[in-house]
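# Structural characterization, general
One-letter residues, chain by chain:
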Amino acid sequence: MANTIQKQKLFLSFPHYAVVGASTDQSKFGTKVLQWYIQRNRPVTPVHPSNDELEGIKTIRSLTDLPNPTETSVSIITPAKITIDLLKQVEELSIPAVWCQPGATDVACVQYIKDNGMSDRVLFEGECILRDGDGILQAML
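The shown structure was predicted, so the numbers you read here are calculated from the model rather than taken from an experiment.

Time to look at the pairing of strand β2 (residues 44–47). Relative to β2, strand β1 (residues 16–20) is paired through four bridges, and the arrangement is parallel. Each bridged residue has a counterpart across the sheet, and for A18 the counterpart in β2 is T45. In the classification by handedness, the crossover that spans β1, the intervening helix α2 (residues 29–39) and the parallel β2 is right-handed.

Below you can see the structure in the form of structure tokens.
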């Protein structure tokens, strides 16, 4: 099984990113994660069920609307009861890497990840892109 650093490098190696859980609330971690990608000039797409735009970027409504799902890493910052359905979509769409921010998973999510052989491509053990992302990017240079 891949270790945390390997999974983080895998996640950051894809050409496209999506963020599920951002909103118009600047204090929320989903929005902070979206801003993290923007500030680092990463091609990012916010996923939101009702807002047409977040942080000046056009949103899509669902992961199923991703133009290149097999080339997109997805950050998830949602309550676990929503995350579980997102993980099912990730599996169906063959999304290659997922970063579940702290608090986005519960026991059922972790069990789903393990039961479906997703442990090597899903970060779900408390890793935080806001804390760890820059160090991983530097290590990849």
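Looking now at helix α5 (residues 129–139). Turning to α5, its buried residues number three or more, namely I129, D132, G133, I136 and L137. Angularly, the buried residues of α5 cover 140° about the axis, an arc narrow enough to put them on a single face. Of the exposed residues in α5, the ones pointing more than 90 degrees away from its buried face are R131 and Q138. Among the structural elements, α1 (4–12), α2 and β6 (97–100) are those in contact with the buried residues of α5.

The buried fraction of β1 is high, at four of five residues. Sheet analysis places β1 next to strand β5 (residues 72–76), joined by five bridges and oriented parallel. Within β5, the position partnered with Y17 by the bridge is S73.

Tracing the backbone shows T105 in the loop between β6 and α4 (107–115). When the C-alpha atoms of T105 and P79 are compared, they prove to be 7.1 Å apart, with 26 residues separating the residues in sequence. Apart from the residues lying within four places of it in its own chain, the contact partners of T105 are A80, T83, C100, V110 and F124.

Turning next to the pattern of salt bridges. Within the structure shown, the criterion is met by four salt bridges. Measuring nitrogen to oxygen at the nearest pair gives 2.5 Å for the salt bridge that ties R121 to E91. Pair noted here: R121 is in the loop between α4 and β7 (122–123) and E91 is in helix α3 (residues 80–93), with a separation of 30 residues, a long-range link. What makes E91 partly exposed here is its relative accessible area of 28%. Here D132 makes a salt bridge to R131, at a shortest N to O gap of 2.7 Å.

Before going further, it helps to spend a moment on the packing of α1 against α5. For the pair α1 and α5, interaxial distance at closest approach is 10 Å and the crossing angle is 80°. Comparing the axis directions of α1 and α5 gives the class roughly perpendicular. Note on element contacts: α5 touches α1 through I129, D132, G133, I136, L137 and A139, opposite I5, Q8, K9, F11 and L12. Residues belonging to the contact of α1 with α5 are distributed by class as follows: seven nonpolar, two polar and two charged.

What counts and how
- Residues numbered from 1 in each chain as written.
- Predicted model: local features only at pLDDT ≥ 70, side-chain atom pairs only at ≥ 80, totals over all residues.
- Heavy atoms only, no water.
- Pairing = 2+ DSSP bridges.
- Helix = DSSP H or I, 4+ residues; strand = E, 2+ residues; numbered from the N terminus.
- Right-handed = clockwise from strand over helix to strand, strands pointing away.
- Buried < 20%, exposed > 50% of the residue type's maximum accessible area, 1.4 Å probe, protein only.
- Arc of directions from axis to C-beta.
- Contact = heavy atoms within 4.5 Å.
- Salt bridge = Lys/Arg side-chain N within 4 Å of Asp/Glu carboxyl O.
- Axes fitted to C-alpha atoms, helices over the stretch in contact; angles between N-to-C directions.
- Parallel < 35°, antiparallel > 145°, perpendicular 65-115°, else oblique.
- Nonpolar A, V, L, I, M, F, W, Y, C, P; charged D, E, K, R; others polar.

These figures come from the coordinates and say nothing about function on their own.
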